[in-house]
Amino acid sequence: MDNIPEERQQRYTLWKKNTKLLYDYLNTNTSKWPSLTCQFFPDLDTATDTHRVLLSSFTSSQVPDDEDIHIASISTLRHLPWSSLNNFDMDEMEFKPDTYTKLPPKNLQTRLTIRFPHGDCNRATFLPQNPDVISAASSDGSVYIFDRTKHGTTSISTNSRPYEIQLLPKSIGVSEAVGLAWNLQRQATLATCYSDGALRVWDITTFTRDDPVMDTEMALFQDEKSNGFNDVSWMISHDSILAIGREDNILALHDLRSPQQPTLTPGKFHQGGINSCKFNLSQDLLLASAGGDGQVHLWDIRKLQEPIMTLSHGSAISTIAWNQYEPSVIATAGQEDGLVKLWNASDAQLLFTHGGHMLGVNDVAWSSHDKWLLCSVANDNSTHIWRPARTLLD
């Protein structure tokens, strides 16, 4: 707690007192190390309402043996029959499950841990067409591909090989791999971006089991004057168009059919670098960018001269995430203020603020089964699973 400002601690105390009013569901977890990434898997155990979440452990190279990606599970208890007057606790004024009901574990349960081969895990994401395949970007410049089914079913991976594939460019230098995005239309096609201003697109289907290292990409674009690339996002219904968020405040639109001729936004609309960019999940022509200046700009990719709308988070943003069920709703994660804010992008209305993290938020993700359920991870080593109260959203 020594590195957490007094004002932030007071804010947390006030937040904690009001959680019963703010949330329909809230589960807070603390781990040994912070996670830089989080993502809900697409499956759901309906019998116990159990979700699986992809997480990581980031030690900043202090303890390499602790660097890992792991899969955890949590039940949000929606399967329990609570809505009965017999289950109403008059003292706490809330519904509770029957005393004979067997409850699942209260907190996240680690189901599988895969030790990270080398470097720090900057980002991890699974292949949409096969969630057992997981990609992870490393600070050593590699991108590692893991097949979950090859690492056993116990909490600790038993595979003798630390990874299935290593994507290692021939001329990587000291560049870090920082961004990952799987193509939704072209299976096993992965876009990666690097801190030296490189974009690489890989076709994983060309991998051979005899040699786990791939060093030849299917497409490469380099712009050393950009000061580095931070994030990459594929257009949802197109197999060749993607966007890059750059450190020089420029948002770049690339078409693999002519990758050396990107369409660029003016650099004057962001300050402090573009940390995240995401295509809308329902409207392909809508692209959001967020940066170190705390601004989220919404763009019509047909007219990239200026944004069509701006949302102001208030401080630097680490990442953004669109809601797949509510196309106009977007989440912003505060890199410095520790807040996650939910917005209606159609009218720039702030819908909800999650204030449970005491340090900067590294990632935020929406559930694919519960349209208002989110996961967020922060530098205070916390992982939160939460659903805002519907009374506040309606």
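Everything below is about the structure printed above this text.
If you're wondering where the values come from, they're calculated on a predicted model, not measured in any experiment. (Residues numbered from 1 in each chain as written. Predicted model: local features only at pLDDT ≥ 70, side-chain atom pairs only at ≥ 80, totals over all residues. Heavy atoms only, no water.)

### Topic: the overall build of the chain
Helix and strand counts for the chain stand at 3 helices and 31 strands. The C-alpha radius of gyration of the chain comes to 21 Å, within 12% of the 21 Å expected for a compact globule of 394 residues. When the backbone C-alpha atoms are referred to their principal axes, the chain occupies close to 65 × 50 × 45 Å. Evaluated residue by residue, the chain yields a buried proportion of 56% over its 394 residues. Across the chain, the fraction of contacts at a sequence separation of at least 24, relative to all contacts at a separation of at least 6, is 52%. Carbon and sulfur atoms make up 49% of the accessible area of the chain, which amounts to about 17,600 Å² in all. The average position of the 32 basic charges and that of the 47 acidic charges among the side chains of the chain differ by 3 Å. (Helix = DSSP H or I, 4+ residues; strand = E, 2+ residues; numbered from the N terminus. Rg over C-alpha atoms; globule rule 2.2 N^0.38 Å. Buried < 20%, exposed > 50% of the residue type's maximum accessible area, 1.4 Å probe, protein only. Contact = heavy atoms within 4.5 Å. Areas by Shrake-Rupley, 256 points an atom, 1.4 Å probe, with all protein chains shown as cover. Lys, Arg positive; Asp, Glu negative; His and termini not counted. Charge placed at Lys NZ, Arg CZ, Asp CG, Glu CD.)

### Some thoughts on the environment of D370
Positionally, D370 belongs in the loop between β29 (361–366) and β30 (374–378). Look at D370 and you get buried, because its relative accessible area is 6%. Placed 328 residues apart in sequence, D370 and P42 show a C-alpha to C-alpha distance of 11 Å. Setting aside its immediate chain neighbours within four residues, D370 contacts R78 and R387. Within the local environment of D370, its side chain forms a polar contact with the side chain of R387, the two groups lying 2.7 Å apart. (Polar contact = N/O pair within 3.5 Å; in protein donor to acceptor, adjacent residues only side chain to side chain.)

### As for the nonpolar core
One finds L342 and W366 to be the most contacted residues of the largest nonpolar core, which totals 18 residues. Among the elements of the structure, β26 (329–334), β27 (340–344), β28 (349–354), β29 and β30 are those that each provide at least two residues to this core. When neighbours within four sequence positions are excluded, W366 is seen to be in contact with F40, A321, W322, N323, V329, A331, L342, K371, W372, L373 and L374. One finds V133, L167, A188 and M214 within the second-largest nonpolar core, a separate group that totals 17 residues. (Core = buried A, V, L, I, M, F, W, Y, C linked by side-chain atoms within 4.5 Å.)

### Structural notes on the pairing of strand β9 (residues 130–138)
Side-chain direction in a regular strand flips from residue to residue, so the side chains alternate between the two faces of the sheet. The element β9 is extensively covered by neighbouring structure, given that 8 of its 9 residues are classed as buried. The pairing of strand β8 (residues 121–127) with β9 spans 6 bridges and is classified as antiparallel. The residue of β9 that forms the bridge with L127 is N130. Here β8 folds back onto β9, and the loop between the two strands holds 2 residues. Across 5 bridges, the pairing between β9 and strand β10 (residues 143–147) is antiparallel. Looking across to β10, one finds that V133 is bridged to D147. (Pairing = 2+ DSSP bridges.)

### Notes on the sheet that holds β30
Reading across the sheet, the 4 strands line up as β1-β31-β30-β29 and stay open at both edges, with antiparallel pairing between neighbours. Both outer strands of the open sheet, β1 (23–30) and β29, are each paired with one neighbouring strand and no more. The mean inter-strand angle of the sheet, taken between neighbouring strand axes irrespective of direction, is 15°. Bridge count between β1 and strand β31 (residues 382–388): 7 bridges; the pairing is antiparallel. If you follow T30 over to β31, its bridge partner there is S382. (Axes fitted to C-alpha atoms, helices over the stretch in contact; angles between N-to-C directions.)

### Brief notes about the packing of aromatic side chains
In the structure shown here, the tally under the stated rule is 11 aromatic pairs. Where Y23 meets W386, the ring centres are 6.3 Å apart and the plane angle is 85°; that geometry is what we call edge-to-face. In this pair, Y23 is assigned in strand β1 and W386 in strand β31, connecting sequence segments 363 residues apart. Here Y23 and W386 have matching classes, each one buried. On the basis of an interplanar angle of 85° and a centroid distance of 5.8 Å, the ring pair of F269 and W299 is categorised as edge-to-face. Here W299 lies in strand β23 (residues 295–300) and F269 lies in the loop between β20 (263–264) and β21 (274–279), a separation of 30 residues in the sequence. A network of ring pairs unites the aromatic residues Y12, W15, Y23, F352 and W386 as a single cluster. (Phe/Tyr/Trp six-rings, centres within 6.5 Å; stacked < 30°, edge-to-face > 60°.)

### Side note on unusual backbone geometry
Non-glycine residue S61 carries a positive phi angle of around 65°. In this fold, S61 is placed in the loop between β3 (50–57) and β4 (68–75). Phi at N227 is positive, roughly 70°, even though this residue is not glycine. Structurally, N227 can be placed in the loop between β16 (219–222) and β17 (229–234). With relative accessibility at 55%, the residue N227 sits in the exposed group.

### Some words on the state of the cysteines
This model, assessed by the stated rule, comprises 0 disulfides. C121 takes part in no disulfide bond, and the closest cysteine sulfur to it belongs to C38, at a distance of 12 Å. Lacking any disulfide linkage, C375 is separated from the closest cysteine sulfur, that of C38, by 4.0 Å. (Disulfide = S-S within 2.5 Å.)

### Things to note about the sheet that holds β9
Strand order in this open sheet of 5 strands is β8-β9-β10-β11-β15, and the pairing throughout is mixed. At either end of the open sheet lies a strand with only one pairing partner, and these are β8 and β15 (213–214).

### Remarks on the pairing of strand β12 (residues 177–182)
The element β12 is extensively covered by neighbouring structure, given that 5 of its 6 residues are classed as buried. Of the pairings in the sheet, the one linking β12 to strand β13 (residues 189–194) comprises 5 bridges and is antiparallel in character. Residue pairing in the sheet places A177 in a bridge with Y194 of β13. Remark: 6 residues form the turn of the hairpin made by β12 and β13, two consecutive strands paired antiparallel; A188 in that turn has positive phi of roughly 65°.

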